[in-house]
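Inside the fold
The chain contents come next:
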Amino acid sequence: MTVTVLIGAQWGDEGKGKLVDMLAERADLVVRYQGGNNAGHTIVREGETFAFHLIPSGVLHAGTICALGNGVVIDPQVLRREVDGLHERGIDFEGRLRISPQAHLIMPYHVALDEAREIAAIASERTGHAGAPAGVQSKDSAAIGTTRRGIGPCYADKTARRGVRVEDIFNEELLRDRITAALSETNVLLEHYGHEGFSVGAVLDQVRAHADFFRPFIADIGVLIERVRERGGEVLLEGAQGTLLDIDHGTYPYVTSSSPVAGGAATGTGIGPTRIERVIGVAKVYATRVGAGPFPTELFDSVGDQLVERGGEFGTTTGRRRRCGWIDFMALRRAAQVNGLTELAVTKLDVLSGFEQVGFCDSYELDGEAITEWPPLTGDLQRCVPVVEMLPGWLKDVASARSLDELPEEARSFLRLIEERVGVPVTFVGTGQDRTAVIDLGAGIA
Ligand code: IMP
């Protein structure tokens, strides 16, 4: 009986879906606690590729219940598409989905506003108008590079107490009031960006039509977790995005609008933090970031291009090319601290096969001084120069390895270095795309 949180230890896209899929085999309940369809988890099963944006990755296991906690934001159309898509592929999902009535709904005007803001910010960069958020240096981009799925505007309405929650769609009068209140402000903003406003009636009709779809799935997710625990069951809380995209602990303002960190799993599901016993951070053996914002170890040369190509580093959700660089222990130590990591799962070891040398960063230089801890002032990160060190690489393909002994010595040394410098046991190593391509190390390497 364990409650485990699995989080991204970098900037998202760490390969969490595969780990969740693997751990879900033993889990009775898998719960998402934040984010929405900005996420994208890819799982390859017997040569078949599954991409999920909203539904927890545990869905592929027949006995696992999947839940969306109160911290998640749900685009009803996307959820319905995913549920229909699973049915079409013969995955019996009936009776296995639970949704918190307190989860917020992404409305069509949230998507429109997210897009309008990004387009305006990009245009202001092109024309040289100062569009950057206050306090951001001029070299920063005004556009965040969001996924344009309405995530930020939806969370903004939630915090401003004018959001629409799942439970509101069962009360037409309340729903109308909420939409009216939200549109009275949002339409002004949309018009400011040259976008046509939305009519209350049209949005109301669109949202109301989902009431019957949601009704059978409604559940108190915090209570559900407690029940499963009491029965001795396994619960997996599945984080989306990553630590450095966290609204508080990430590289603000180049972050998402929710709390992907382990603490977010308690508020985003309705359980107390003492219930969480295991916190697994997932990190690639290199680093990637999609969208704008600081990324100290980013590579701008052909090595970066090779990582993109070999790692297939294009977004599951938006198809955007990801920025690539060497693994950054400064960032991973930060993730270990913020999340209280008890384990580290490293992924995509196979992508480094074939590089003559592999790099890592263990310290930054800030204004001529060496620092070994994440700078307390977010703005300082832009001036940090990574100190990159190189180690001998390996040529052998590692995809078939299922134990450390089957790895080349150079790869083993690299993994030992990760464990030692991050200070957290490495318990899983992903060696290839397939769901079976994993080395399970139990208690760690050392
Ligand atoms: P938003 O979450 O769509 O508002 O986007 C905010 C930032 O988070 C942008 O830089 C996105 O590229 C990034 N982001 C959002 N979701 C993911 C994800 O699942 N993986 C990686 N980056 C993400």
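Before going into details, it helps to say that this report is about the structure given with it. Computed from a predicted model, the values in this text were never measured in an experiment. Along each chain, numbering runs from 1 in the same order as the chain's sequence is written. Per-residue local features are limited, in this predicted model, to residues with pLDDT of at least 70; the limit for side-chain atom pairs, both in listing and counting, is 80 or more; totals at the level of whole chains, interfaces and linings are taken over all residues. Remark: hydrogens and water are excluded; side-chain values derive from all non-hydrogen atoms of the structure.

1. Considering helix H4 (residues 151–159)
Our working definition: Only protein chains enter the calculation, and the probe is 1.4 Å; a residue is then buried if its accessible area is under 20% of its type maximum, exposed if over 50%, and partly exposed in between. Under the DSSP-based scheme used, a helix requires at least four consecutive residues in state H or I and a strand at least two consecutive residues in state E, with every element numbered from the N terminus.
By the burial criterion, the buried members of H4 are Ile151, Pro153, Cys154, Tyr155 and Asp157. Of the residues flanking the end of H4, it is Arg161, one or two places downstream, whose phi is positive at about 65 degrees.

2. Considerations on the site of the ligand
To be explicit about the condition: Here a residue counts as near a molecule or strand whenever at least one of its heavy atoms sits within 4 Å of it. Here a polar contact is recorded for every N or O atom pair within 3.5 Å, except that within protein the pair must consist of a potential hydrogen donor and a potential acceptor, and residues adjacent in sequence are included only if both atoms are side-chain atoms. Where accessible areas are quoted, they stem from the Shrake-Rupley method and a 1.4 Å probe; at the residue level, only the protein chains shown are allowed to cover. We call Asp, Glu, Lys and Arg charged. Ala, Val, Leu, Ile, Met, Phe, Trp, Tyr, Cys and Pro are nonpolar, and the rest, Gly among them, are polar. Each domain's limits were defined by an automated method or a database of domain assignments.
Neighbouring the ligand are 15 residues; Asp13, Asn38, Thr147, Thr256 and Arg320 lie closest to it. Gly145 places a polar main-chain atom, nitrogen or oxygen, 3.3 Å from an oxygen atom of the ligand. At 2.9 Å from an oxygen atom of the ligand is found a side-chain nitrogen or oxygen belonging to Arg320. Out of a free accessible area of 470 Å², the ligand has 97% covered by protein chains. When the residues that make up the shell around the ligand are grouped by side-chain class, the tally is six nonpolar, seven polar and two charged. The two domains that each donate at least three residues to the shell around the ligand are domain 1 (3–100 + 219–440) and domain 2 (104–214).

3. Notes on the packing of aromatic side chains
Put simply, the test is: To pair, rings of Phe, Tyr and Trp, with the six-membered ring standing in for Trp, must have centres within 6.5 Å; the planes then decide the type, stacked if under 30 degrees apart, edge-to-face if over 60, and tilted in the middle. By definition, being over a ring means that NZ of Lys or CZ of Arg is both within 6 Å of the ring centre and within 35 degrees of the ring normal.
Within the structure shown, the criterion is met by nine aromatic pairs. Taken together, the ring pairs connect Phe213, Phe214 and Phe217 into an aromatic cluster. Above the plane of the ring of Phe50 lies Arg89, whose end atom (NZ or CZ) is 4.1 Å from the centre. Cation over ring: Arg310 sits above Phe355, and NZ or CZ is 4.2 Å from the ring centre.

4. Examining the state of the cysteines
The condition is simple: We call a pair of cysteine sulfur atoms a disulfide when they lie within 2.5 Å.
Across all of its chains, the model carries zero disulfides by this definition. Cys324 takes part in no disulfide bond, and the closest cysteine sulfur, belonging to Cys361, lies 16 Å away. Cys361 takes part in no disulfide bond, and the closest cysteine sulfur to it belongs to Cys384, at a distance of 9.2 Å. The exposure class of Cys361 is buried, given its relative accessible area of 0%.

5. Things to note about unusual backbone geometry
Geometrically, the link from Tyr252 to Pro253 is a cis peptide bond, its omega value of 5 degrees lying close to zero. Inspection of the secondary structure puts Pro253 in the loop between strand E9 (235–238) and helix H9 (262–267). A positive phi angle, near 55 degrees, is found at Gln241, a position not held by glycine. The exposure class assigned to Gln241 is buried, which follows from its relative accessible area of 10%. Not every positive phi belongs to a glycine, and Asp367 is a case in point at roughly 50 degrees. As for its placement among the helices and strands, Asp367 is situated in the loop between strand E14 (357–366) and strand E15 (369–371). Residue class for Asp367 comes out exposed when judged on its relative accessible area of 55%.

6. Thoughts on the packing of helix H5 (residues 172–192) against helix H6 (residues 200–208)
Inclusion rule: The angle between two axes is taken between their N-to-C directions and runs from 0 to 180 degrees, where each axis is a line fitted to C-alpha atoms and a helix contributes only its stretch in contact. Put simply, angles under 35 degrees are roughly parallel, angles over 145 are roughly antiparallel, angles from 65 to 115 are roughly perpendicular, and the rest are oblique. The hand of a helix crossing depends on one turn: near helix anticlockwise from the far one by less than a right angle means left-handed, and clockwise means right-handed. Residues count as neighbours in contact if any of their non-hydrogen atoms are within 4.5 Å of one another.
With their axes 10 Å apart at the nearest point, H5 and H6 run at an angle of 130 degrees to one another. Between H5 and H6, the angle falls in the class oblique. Remark: the crossing between H5 and H6 carries right-handed chirality. Side by side, H5 and H6 meet where Glu172, Leu175, Arg176, Ile179, Thr180 and Leu183 of the first sit next to Val200, Val203, Leu204, Val207 and Arg208 of the second. When grouped by side-chain class, the residues that make up the contact of H5 with H6 number seven nonpolar, one polar and three charged.

7. A short note on the side chain of Asn70
Here Asn70 lies in the loop between strand E5 (65–68) and strand E6 (73–74). Polar side-chain contacts of Asn70 include one of 3.3 Å to the backbone nitrogen of Thr269. Those residues within four positions of Asn70 in sequence are excluded, and the remaining contacts are Ser100, Gln102, Ala103, His104, Lys158, Thr267, Gly268, Thr269 and Gly270.

8. Here we look at the sheet that holds strand E18 (residues 438–440)
Our working rule: Here the rule is simple: two strands pair whenever DSSP picks up at least two bridges between them.
Read from one edge to the other, the open sheet built from nine strands follows the order E7-E5-E2-E9-E1-E10-E13-E17-E18, with strand pairing classed as mixed. Two strands bound the open sheet, and with one partner strand each, they are strand E7 (97–99) and E18. Each adjacent strand pair in this sheet contributes to an overall mean axis angle of 20 degrees, direction not counted. In this sheet, strand E13 (residues 343–347) lies alongside strand E10 (residues 278–284) in parallel orientation, the contact comprising five bridges. Considered in E13, the bridge of Lys284 is made with Thr347.

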